[in-house]
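Reading the structure
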Amino acid sequence: MDPNSQEVCGSSHSSASTKLLLYSYWQSPCSWRVWFALNLKEFERLNPLHYVPVLVDGDVVVGDSFAILLYLEEKYPQNALLPSDPKGSALNLQAASIVSSSIHPRHLMSLLEYIEEKAGPGVRLLWTENHMGKGFDGLEKLLKEFNGRYATGDEVYMADVFLAPQICIAIRRFNLDMSKFPTLSRIYEAYKVLPAFQASLPERQPDAIVQ
Amino acid sequence: MAKNVGDSKLQEQPKLKLYSYWRSSCSWRVRIALNLKDFSKLSPLNYVPVLVDEDIVIADSFAILMYLEEKYHQNPLLPQDLHKRAINFQAANIVSSSIQPLQNLSVLKYIEEKVSSDEKFAWAQRHIGKGFAALEQLLKGFAGRYATGDEVFLVLSLSDILNADLFLAPQIHGAITRFKLDMTQFPLLSKLHEAYGELPAFQAAMPEKQPDRVEG
């Protein structure tokens, strides 16, 4: 893995001369979430360079994508990633947790390799379909009643920051059959045309290795 | 099981219902938080963990804790300082994303079925060990200066129980009692474990004290 560090700075109408350093890895959904959020908060990239993801903000060093996202949200309130109402906020955190605790950890490469090694080839596919499917089922149920453009309404929030990379990876890397998840499929189409999301795509990262 | 919890100190008597499972560390975190926020238990009932607050229904321990923190300001679960808050979130997430999902029942059953019971233990110990090593590293920079040989201390502040502790307490307890993890390599977490054991809010929330507890 060849990580990359990039400096970002706050744009003119956000916190003046804020400089952050993000260490990320182009393929990691954890890094991806943070890039997506930084784009939504209109931080612009300055110039590149490593681990994943780690944010350096002055003398504050924060690892872990969820912790980074909450830190960014608390420190840079522009383009809020959590709605102000408690219900909406809880909903977004719930969706984010489902991704970060129930789905993503279960398809880590190291884990899948272990399963393949111990239980044989082919099992790996069943494993990912099972766990990812369950997680997406949970998300579908959680979000079904919201008919907005994005996961929890018409604004992009924390849930979307977690969902977008996860859905993309499910499709690209694991060929997950999305026909069972109409809500997630619909909002994914909306993500695809968002500039903040497009700019965060793995293949657009400076450390991307395009095959 | 579900518990009706209400605040005996406030006049308005918010009625919250917590649905939890005695053994689940996710449920356990929320029970501790409710104890810390002085919600007294009324009567029980199932599932894991789900909080019902009038028309708001929240599942997921982290979402529930953040909701409680925002709505009920007594005995805050997070410090004011942004950096310390970030460290709390980081520690909490090491537990909830790197450790807990890899040692929950369905995964362990799967490993046991596909490989063996011994492998199941080795698997759990390996992942918990990795997570604990990361936590030791993370917290050393913060808790370190409060640590002395004889002093009881908590994660990031001298006397406040914080969000990270809610995640750490059940995880460490589980690692020791269920997975027999050798804690000698984790001196900081060992100290924390002792400290947690002496706190009423933690003791009352322990799995073995829950009404839905099953023997064996």
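Shown above is the structure to which this text applies.
Just so it is clear, the model here is predicted, and its values are computed rather than measured. (Residues numbered from 1 in each chain as written. Chains lettered and ligands numbered in written order. Predicted model: local features only at pLDDT ≥ 70, side-chain atom pairs only at ≥ 80, totals over all residues. Heavy atoms only, no water.)

Focus: the overall build of chain B
When helices and strands are tallied, chain B shows 8 helices and 5 strands. Seen in sequence order, chain B has helices and strands lined up from the N terminus as β-β-α-β-β-β-α-α-α-α-α-α-α. Within the span of chain B, comprising 216 residues, buried residues form 56% of the whole. Summed over all atoms, the accessible surface of chain B reaches about 9,600 Å², with 53% contributed by carbon and sulfur. (Helix = DSSP H or I, 4+ residues; strand = E, 2+ residues; numbered from the N terminus. Buried < 20%, exposed > 50% of the residue type's maximum accessible area, 1.4 Å probe, protein only. Areas by Shrake-Rupley, 256 points an atom, 1.4 Å probe, with all protein chains shown as cover.)

Here we look at the overall build of chain A
A count of helical and extended segments in chain A gives 8 helices and 5 strands. For chain A, the sequential pattern of α-helices and β-strands runs β-β-α-β-β-β-α-α-α-α-α-α-α.

What to know about the environment of Ala90 of chain A
Mapped onto the elements, Ala90 of chain A comes out in helix H3 (residues 86-103). Classification of Ala90 of chain A as buried rests on a relative accessible area of 4%. Beyond its immediate stretch of four places on either side in the chain, Ala90 of chain A contacts Ile58, Ala63 and Tyr67 of chain B. (Contact = heavy atoms within 4.5 Å.)

Some words on the packing of aromatic side chains
Here the distance between the centres and the angle between the planes together describe a pair of aromatic rings. Evaluated as defined, the whole model comprises 12 aromatic pairs over all chains. Here Phe132 of chain B and Phe186 of chain B contribute two aromatic rings whose centre-to-centre distance is 5.5 Å and whose plane-to-plane angle is 85°, an arrangement assigned as edge-to-face. In this pair, Phe132 of chain B is assigned in helix H5 (residues 117-143) and Phe186 of chain B in the loop between helix H6 (163-177) and helix H7 (187-197), connecting sequence segments 54 residues apart. The pair formed by Phe132 of chain B and Phe186 of chain B is uniform in burial state, with each residue classed as buried. Three or more aromatic residues joined by ring pairs form one cluster here, namely Phe66 and Phe162 of chain A together with Phe62, Phe89 and Phe167 of chain B. (Phe/Tyr/Trp six-rings, centres within 6.5 Å; stacked < 30°, edge-to-face > 60°.)

Topic: unusual backbone geometry
Look at Asp64 of chain A: it is not a glycine, yet its phi comes out positive at around 75°. On the accessibility criterion, Asp64 of chain A (22% relative accessible area) is partly exposed. One non-glycine residue, Glu54 of chain B, lies in positive phi territory at about 55°.

Side note on the interface of chain A and chain B
With 31 residues of chain A at the interface, the matching set in chain B holds 33 residues. Summing both sides of the interface, chain A and chain B together bury roughly 2,700 Å²; the carbon and sulfur share of this comes to 63%. It is Glu74, Gln94 and Tyr114 of chain A that lose the most area in chain A upon contact with chain B, and together they represent 19% of the buried surface on that side. Taken together, chain A and chain B are joined by 2 salt bridges. (Buried area = accessible area lost by both parts, 1.4 Å probe. Salt bridge = Lys/Arg side-chain N within 4 Å of Asp/Glu carboxyl O.)

Observations concerning the pairing of strand S4 (residues 50-53) of chain B
Residue and element names in this part refer to chain B. Because side chains alternate across S4, one face comprises the buried residues Val50 and Val52, and the other comprises Leu51 and Asp53, equally buried. Across 4 bridges, the pairing between S4 and strand S5 (residues 56-59) is antiparallel. Each residue of the ladder has a partner; that of Val52, found in S5, is Val57. Taken together, S4 and the strand that follows it, S5, pair antiparallel across an intervening segment of 2 residues, in which Glu54 is found at a positive phi of about 55°. (Pairing = 2+ DSSP bridges.)

A closer look at helix H2 (residues 61-71) of chain B
Residue and element names in this part refer to chain B. The buried fraction of H2 amounts to 9 of the 11 residues, a majority that puts the element mostly inside the structure. Those residues of H2 that fall on the buried side of the exposure criterion are Ser61, Phe62, Ala63, Ile64, Leu65, Met66, Tyr67, Leu68 and Glu69. A side-chain oxygen of the first residue of H2 lies 3.1 Å from the backbone nitrogen of Phe62; this N-cap is Asp60. (Polar contact = N/O pair within 3.5 Å; in protein donor to acceptor, adjacent residues only side chain to side chain.)

Quick look at the packing of H3 of chain A against helix H5 (residues 123-143) of chain A
The geometry of a pair of packed helices is captured by two quantities: the angle between their axes and the separation between those axes. All names here are of chain A. Here H3 crosses H5 at 175°, and the two axes come no closer than 10 Å. With respect to H5, the element H3 is oriented roughly antiparallel. Two secondary-structure elements touch here, H3 through Leu91, Gln94, Ala95, Ile98, Val99 and Ile103 and H5 through Met132, Gly135, Phe136, Gly138, Leu139 and Leu142. Split into classes, the residues belonging to the contact of H3 with H5 amount to 9 nonpolar, 3 polar and no charged. (Axes fitted to C-alpha atoms, helices over the stretch in contact; angles between N-to-C directions. Parallel < 35°, antiparallel > 145°, perpendicular 65-115°, else oblique. Nonpolar A, V, L, I, M, F, W, Y, C, P; charged D, E, K, R; others polar.)

Considerations on the pairing of strand S5 (residues 60-63) of chain A
All names here are of chain A. Bridging between strand S4 (residues 54-57) and S5 involves 4 bridges; their strand directions are antiparallel. Bridging across to S5, Leu55 finds its partner in Val62. The antiparallel hairpin formed by S4 and S5 contains 2 residues in its connecting segment, where Gly58 sits at a positive phi of about 65°.

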